[in-house]
Amino acid sequence: NKANFIENEPAATVIYEAMSFGLPIITTNNSGSIIENGNEGFIVPEHDHQEITDSILKLLDFDLRQSMAEKSLLTSNNGSYDAYARRLSLAMKDKV
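Now for a description of the structure that goes with this document. Keep in mind that what you see is a predicted model, and the values were worked out from it rather than measured.

1. Looking at the overall build of the protein chain
- Counting its secondary structure elements, the protein chain contains four helices and two strands.
- The secondary structure elements of the protein chain, listed N-terminal to C-terminal, are α-β-β-α-α-α.
- Considering the protein chain as a whole, with its 96 residues, one finds that 25% of them fall into the buried category.
- Excluding contacts between residues fewer than 6 apart, the proportion of contacts in the protein chain whose partners are at least 24 apart in sequence is 35%.

Listed below in structure tokens is the structure:
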């Protein structure tokens, strides 16, 4: 049923969860993702089945998949609560 299909999700939690496990991502522009196209994965146009297929096929390349997986995990770690707390603590230390 098309009426139940969500077209936009401002912050796709599933993407952040996958990144925290070091997975390369394939997503669309309307997912609210923090990935950079070609870095942690691929951003494809919504409803573009060929582009989705092409992105999946690109990930069959072990080296590319491994590189994107590592970058995905690093990006996820930089956005963690611990990383935020460290940055906030450093910023406050400079002000005190």
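2. Focus on helix α3 (residues 62-78)
- Between the first and last C-alpha of α3 there are 24 Å, a value that for 17 residues agrees with the 24 Å anticipated at 1.5 Å per step.
- Those residues of α3 that are buried are in contact with α1 (13-20), β1 (25-28) and β2 (41-44).
- Two or three places before Asp 63, at the opening of α3, Asp 61 has a side-chain oxygen 3.0 Å from that residue's backbone nitrogen.

3. Considerations on the nonpolar core
- Grouped together as the largest cluster of nonpolar side chains are six residues: Ala 12, Ile 15, Ala 18, Met 19, Ile 25 and Ile 35.
- Counting residues per element, this core draws most heavily on α1, which supplies three residues.
- The residues contacting Ile 25, other than those within four sequence positions of it, are Ile 15, Ala 18, Met 19, Ile 35, Glu 40, Gly 41, Phe 42 and Ser 72.

4. Observations concerning the packing of aromatic side chains
- Throughout the structure, instances matching the rule amount to zero aromatic pairs.
- The cationic tip of Lys 58 hangs over the ring face of Phe 42; the distance from NZ or CZ to the ring centre is 5.2 Å.

Conventions adopted
The residue count restarts for each chain, going from 1 along the sequence in the order it is written. The model is predicted, so local features are restricted to residues of pLDDT at least 70 and side-chain atom pairs to those at 80 or more, both for listing and for counting; the totals for chains, interfaces and linings are taken over all residues. Only hydrogens and water are removed before side-chain values are computed, so all heavy atoms of the structure are retained for them. Under the scheme used here, helices are H or I runs from DSSP no shorter than 4 residues and strands are E runs no shorter than 2 residues, and both carry numbers assigned from the N terminus. Each residue is placed in one exposure class: buried if its accessible area under a 1.4 Å probe, protein chains only, is under 20% of its type's maximum, exposed if it is over 50%, and partly exposed if it falls in between. The contact criterion used is simple: two residues touch if any of their non-hydrogen atoms lie within 4.5 Å. Any helix carries an expected span of 1.5 Å times its number of residues minus one. N or O atoms closer than or at 3.5 Å make up a polar contact, with two conditions inside protein: a donor-capable atom paired with an acceptor-capable one, and, for residues adjacent in sequence, both atoms drawn from side chains. For this analysis, a nonpolar core means a set of buried residues of the types Ala, Val, Leu, Ile, Met, Phe, Trp, Tyr and Cys, connected via side-chain atoms within 4.5 Å. Here a Phe, Tyr or Trp ring, Trp counted by its six-membered ring, pairs with any other such ring whose centre lies within 6.5 Å, and the pair is stacked when the planes are under 30 degrees apart, edge-to-face when over 60, and tilted otherwise. A ring has a charge above it when a Lys NZ or an Arg CZ is no more than 6 Å from the ring centre and no more than 35 degrees off the ring normal.

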